[in-house]
Amino acid sequence: VQLVESGGGLVQPGGSLRLSCVASGSLFSFNTMGWYRQAPGEQRELLAVQNNFGGTHYADSAKGRFYISKDNAKNTMYLQMNSLRVEDTAVYYCNGYRSRGGINIWGQGTQVTVSS
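Let me begin by describing the structure that accompanies this report. Quantities reported herein were computed from a predicted structural model and do not represent experimental measurements.

Side-chain pairs of opposite charge can arise whenever the charged atoms involved come near each other. Within the structure shown, the criterion is met by four salt bridges. The shortest N-O distance in the salt bridge between Arg-37 and Asp-88 comes to 2.8 Å. In this pair, Arg-37 sits in strand 4 (residues 32-38) while Asp-88 sits in the loop between strand 8 (76-81) and strand 9 (90-98), placing the two residues 51 residues apart along the sequence. There is no split in this pair, since Arg-37 and Asp-88 are both buried.

So, about the environment of Gly-109. Looking at the element boundaries, Gly-109 is found in the loop between strand 10 (103-106) and strand 11 (110-114). On the basis of relative accessibility, which here comes to 15%, the residue Gly-109 falls in the buried class. For the pair Gly-109 and Leu-84, spaced 25 residues apart in sequence, the C-alpha separation works out to 18 Å. Not counting the four nearest positions on each side in its chain, Gly-109 is found in contact with Glu-5, Val-91, Tyr-92 and Tyr-93.

Residue placement: Asn-95 occurs in strand 9. Residue classification places Asn-95 among the buried positions, given a relative accessible area of 5%. A distance of 2.9 Å separates a polar atom in the side chain of Asn-95 from a polar atom in the side chain of Asn-104. Within the structure, the side chain of Asn-95 is placed 3.2 Å from the backbone oxygen of Ile-105, a separation counted as a polar contact. Not counting the four nearest positions on each side in its chain, Asn-95 is found in contact with Leu-3, Thr-32, Met-33, Gly-34, Tyr-36, Met-77, Asn-104, Ile-105 and Trp-106.

Here Asn-52 lies in the loop between strand 5 (45-51) and strand 6 (56-58). Through-space distance from the C-alpha of Asn-52 to that of Gly-101 is 17 Å; in sequence the pair is 49 residues apart. Setting aside anything within four residues of it in sequence, one finds Asn-52 in contact with Leu-27, Phe-28, Phe-30, Asn-31 and Lys-70. From its side chain, Asn-52 meets the backbone oxygen of Phe-30 in a polar contact 2.6 Å long.

Once that is clear, we can look at the pairing of strand 5. In the sheet, strand 4 pairs with strand 5 via six bridges, with the strands oriented antiparallel. Bridge pairing links Tyr-36 to Leu-46 in strand 5. Here strand 4 folds back onto strand 5 in antiparallel fashion, the turn holding six residues, of which Gly-41 has a positive phi close to 75 degrees. Of the strand pairs in this sheet, strand 5 and strand 6 are connected by three bridges, and their pairing is antiparallel. The partner of Val-49 across the bridge, within strand 6, is His-57.

A word on the packing of aromatic side chains. For the structure shown, the criterion picks out three aromatic pairs. Judged by centre distance (4.8 Å) and plane angle (70 degrees), the ring pair of Tyr-36 and Trp-106 falls under edge-to-face. Note that Tyr-36 is positioned in strand 4 and Trp-106 in strand 10, a separation of 70 residues in sequence. When the centroid spacing of 6.4 Å and the interplanar angle of 75 degrees are considered together, the rings of Tyr-58 and Tyr-67 count as edge-to-face.

Calculation notes
- Residues numbered from 1 in each chain as written.
- Predicted model: local features only at pLDDT ≥ 70, side-chain atom pairs only at ≥ 80, totals over all residues.
- Heavy atoms only, no water.
- Salt bridge = Lys/Arg side-chain N within 4 Å of Asp/Glu carboxyl O.
- Helix = DSSP H or I, 4+ residues; strand = E, 2+ residues; numbered from the N terminus.
- Buried < 20%, exposed > 50% of the residue type's maximum accessible area, 1.4 Å probe, protein only.
- Contact = heavy atoms within 4.5 Å.
- Polar contact = N/O pair within 3.5 Å; in protein donor to acceptor, adjacent residues only side chain to side chain.
- Pairing = 2+ DSSP bridges.
- Phe/Tyr/Trp six-rings, centres within 6.5 Å; stacked < 30°, edge-to-face > 60°.

Here it is as structure tokens:
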């Protein structure tokens, strides 16, 4: 299964973006799926992760502003990002993990730039 992100771009502070992550197969291939980001010179940071039962965890940096969701019929996961800040500028990655076989798959990333 491959993952392909889209939806990044340039947005002004306070704006919103919705990122998409399309899987080449069923989202149920993964036990958990999540969104991460990596800013220049920084480590990759977890933003939000959701398991197949709908259980969701948000990092403090994402709580109240970012929302993870899935459309299983479309094999797509989303990240709705609101009230964006300059410090949200980063490359955003989606991830899928399957415990059986230790499968851990990353998308290629999509750039989000928050600037006036």
